[in-house]
Structure formats: C-alpha cells, structure tokens
Amino acid sequence: MFAGTHLSVAEHQHRTVANFLELPSLAPDLRIVPVLQGRTVPEYERCVELYERAGVDLRREPTVGLGSVCRLQSTREGAAIVTAMAAHGLRLHGFGFKILGLERVGHLLSSADSAAWSYHARKRPPLPGHTHKNCANFFDYAMRWRGRVLAAIPTHRQTLLTDRNAA
C-alpha cells in the first residue's frame, strides 16, 4: 500500500495504464507519455505486461517514463529496475534523477529530470548581477547546474543528456 493513497502497487499500475489509454481522447493535441510503476523488478515487469495486454507497444513510444524510482535511483535495487526496463528496448525517462542515480544508470536513460537545481537555488543568494531573491526559476542557474551534473558523471557513462537541449 502507498501511504498517501492507501492503494496497492497493482491498483496504481492499472490506473496508470487506464489513464494512458483514456487521456488521448481528452487531450488529442498533447503527447501522452506512458509511465511504468512499481517497487521491484517483477512489479515493473507486470506493468510492462499490462501495457502489452492493452495493445500498447512501449518500444514504439518516443519516451517511456520510469515512475517511483527517484528514491531508489542510486541503490542496487534501483539500478536493477532501470537495467531490466532498458533491456526491453525502451527509451526511458528517469523522473527525479540526481547525480548519484545518473552516475549509476544514466547511460541507460534517454532523458532525466530533477528539481534539485531549483531547490538548491532557492537556498542560495542569486547569481552575480541578478536582482531577484534567488534563482530558483532562472534558466542561467539551471544551465550552470546542468554543467555541474555533466561534469560529475564520467564521460563514458553519459547518455543523450549531453546531446539534447544543449545551450
């Protein structure tokens, strides 16, 4: 059971797949990204199977979100989950991936995001020349943070993160 919803992993998975199937009819102009949910490799595998049974070939999707991994990302279990899902040939997006997670499995992801830069900026004074309270919502700070992240990951472990959205 999840603490906030009191629902099981299986129920979250069923709802996630059902939402993916329904949302295109509600917002036909938006690209809807399928998301895999679970806590263990077998649970993520069951989620992949749910999509397959619903007629969704995740390998044909431009992006497949990897949900529920942000707290596990730098652990052995998190690495096993990312590795197992990447073995399906999916273009994975890692939600909430920080430097330790990217160092470990970033090479298996097509993309990743994190709000760590904004949190960090919120706790610090603004960049030189900036007159606002902090840089939590500013592109300059985000790009400096991106540079720090890329510098922290060994080049042989970097993925498309260095190619996409480069400034």
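Residues numbered from 1 in each chain as written. Predicted model: local features only at pLDDT ≥ 70, side-chain atom pairs only at ≥ 80, totals over all residues. Heavy atoms only, no water.

**Student:** Can you help me understand the overall build of the protein in this one?
**Tutor:** Along the backbone of the protein there are six helices and four strands. Within the protein, buried positions represent 38% of all 167 residues. Considering only contacts within the protein whose residues lie at least 6 apart along the sequence, 55% involve residues at least 24 apart. (Helix = DSSP H or I, 4+ residues; strand = E, 2+ residues; numbered from the N terminus. Buried < 20%, exposed > 50% of the residue type's maximum accessible area, 1.4 Å probe, protein only. Contact = heavy atoms within 4.5 Å.)

**Student:** For this particular structure, what's the right way to read the nonpolar core?
**Tutor:** Among soluble globular proteins, nonpolar side chains are generally buried collectively. If you look at the biggest cluster of nonpolar residues, it comprises 36 residues, and the most contacted ones within it are Leu 36, Tyr 51, Leu 58, Leu 66, Val 82, Met 85 and Leu 92. At the level of secondary structure, the elements contributing two or more residues to this core comprise α1 (9–26), α2 (41–53), β2 (64–66), α3 (76–86), α4 (99–105), α5 (116–122) and α6 (139–152). Among the elements that line this core, the one with the most residues is α3, at six residues. For Val 82, the contacting residues outside a window of four places in its chain are Leu 66, Val 69, Leu 92, Phe 97, Val 105, Leu 108 and Leu 109. (Core = buried A, V, L, I, M, F, W, Y, C linked by side-chain atoms within 4.5 Å.)

**Student:** Sorry if this is basic, but what is going on with the sheet that holds strand β1 (residues 35–36) here?
**Tutor:** As a general point, the strands of a sheet are linked pairwise by backbone hydrogen bonds and lie either parallel or antiparallel. An order of β1-β2-β3-β4 is seen for the four strands of this open sheet, with the pairing classed as parallel. Whereas interior strands pair on both sides, the edge strands pair on one side only; in this sheet they are β1 and β4 (111–112). Where β2 meets strand β3 (residues 92–94), three bridges bridge the pair, whose relative direction is parallel. Across the sheet, Leu 66 pairs through a bridge with Gly 94, a residue of β3. α3 rests against β1, β2 and β3 of the sheet, and its axis sits at about 160 degrees to β3. (Pairing = 2+ DSSP bridges. Axes fitted to C-alpha atoms, helices over the stretch in contact; angles between N-to-C directions.)

**Student:** Honestly, the pattern of salt bridges in this entry has me stumped. Any pointers?
**Tutor:** Pairing is possible between side chains of opposite charge, provided their charged atoms come close. Counted by the stated rule, this structure contains two salt bridges. Across the pair Glu 11 and Arg 15 runs a salt bridge whose closest N-O atoms are separated by 2.7 Å. Of this pair, Glu 11 and Arg 15 both sit in helix α1, separated by four residues, roughly a single helical turn. Given a relative accessible area of 30%, Glu 11 falls into the partly exposed group. (Salt bridge = Lys/Arg side-chain N within 4 Å of Asp/Glu carboxyl O.)

**Student:** Looking at this model, I keep getting lost on α3. Mind explaining?
**Tutor:** Each α-helix turn comprises 3.6 residues. Residues three or four places apart therefore point the same way. Among the residues of α3, those classed as buried are Gly 78, Ala 79, Ile 81, Val 82, Ala 84, Met 85 and Ala 86. Elements that come into contact with the buried residues of α3 comprise β1, α2, β2, β3 and α4.

**Student:** Which parts of the structure should I look at to understand the environment of Phe 97?
**Tutor:** With respect to the helices and strands, Phe 97 occurs in the loop between β3 and α4. By relative accessible area, Phe 97 is classed as buried at 3%. Note: C-alpha distance between Phe 97 and Val 69 (28 residues apart in sequence) is 8.3 Å.

**Student:** Please clarify how the side chain of Gln 37 should be interpreted in this entry.
**Tutor:** Within the secondary structure, Gln 37 is located in the loop between β1 and α2. Setting aside chain neighbours within four positions, we find Gln 37 in contact with Gln 13, Thr 16, Glu 43, Tyr 44, Cys 47, Gly 67 and Ser 68.

**Student:** Would you explain the environment of Ile 32 in this entry?
**Tutor:** Relative to the elements of secondary structure, Ile 32 occurs in the loop between α1 and β1. Expressed as a C-alpha distance, the spacing of Ile 32 and Asn 19, which sit 13 residues apart in the sequence, is 9.6 Å. Look past the residues within four positions of Ile 32 in its chain and what remains in contact with it is Phe 20, Leu 23, Pro 24 and Glu 61.

**Student:** How do you make sense of the packing of aromatic side chains when you look at a structure like this?
**Tutor:** To describe a pair of aromatic rings, one takes the distance between the centres and the angle between the planes. The full count for this structure, using the stated rule, is one aromatic pair. Ring plane angle 75 degrees and centroid distance 5.8 Å describe the contact between Phe 20 and Tyr 51, whose orientation is recorded as edge-to-face. Residue Phe 20 is found in helix α1, and its partner Tyr 51 is found in helix α2; the two are separated by 31 residues along the sequence. The residues Phe 20 and Tyr 51 share a single accessibility class, namely buried. (Phe/Tyr/Trp six-rings, centres within 6.5 Å; stacked < 30°, edge-to-face > 60°.)

Honestly, it's all geometry; don't read function into it.
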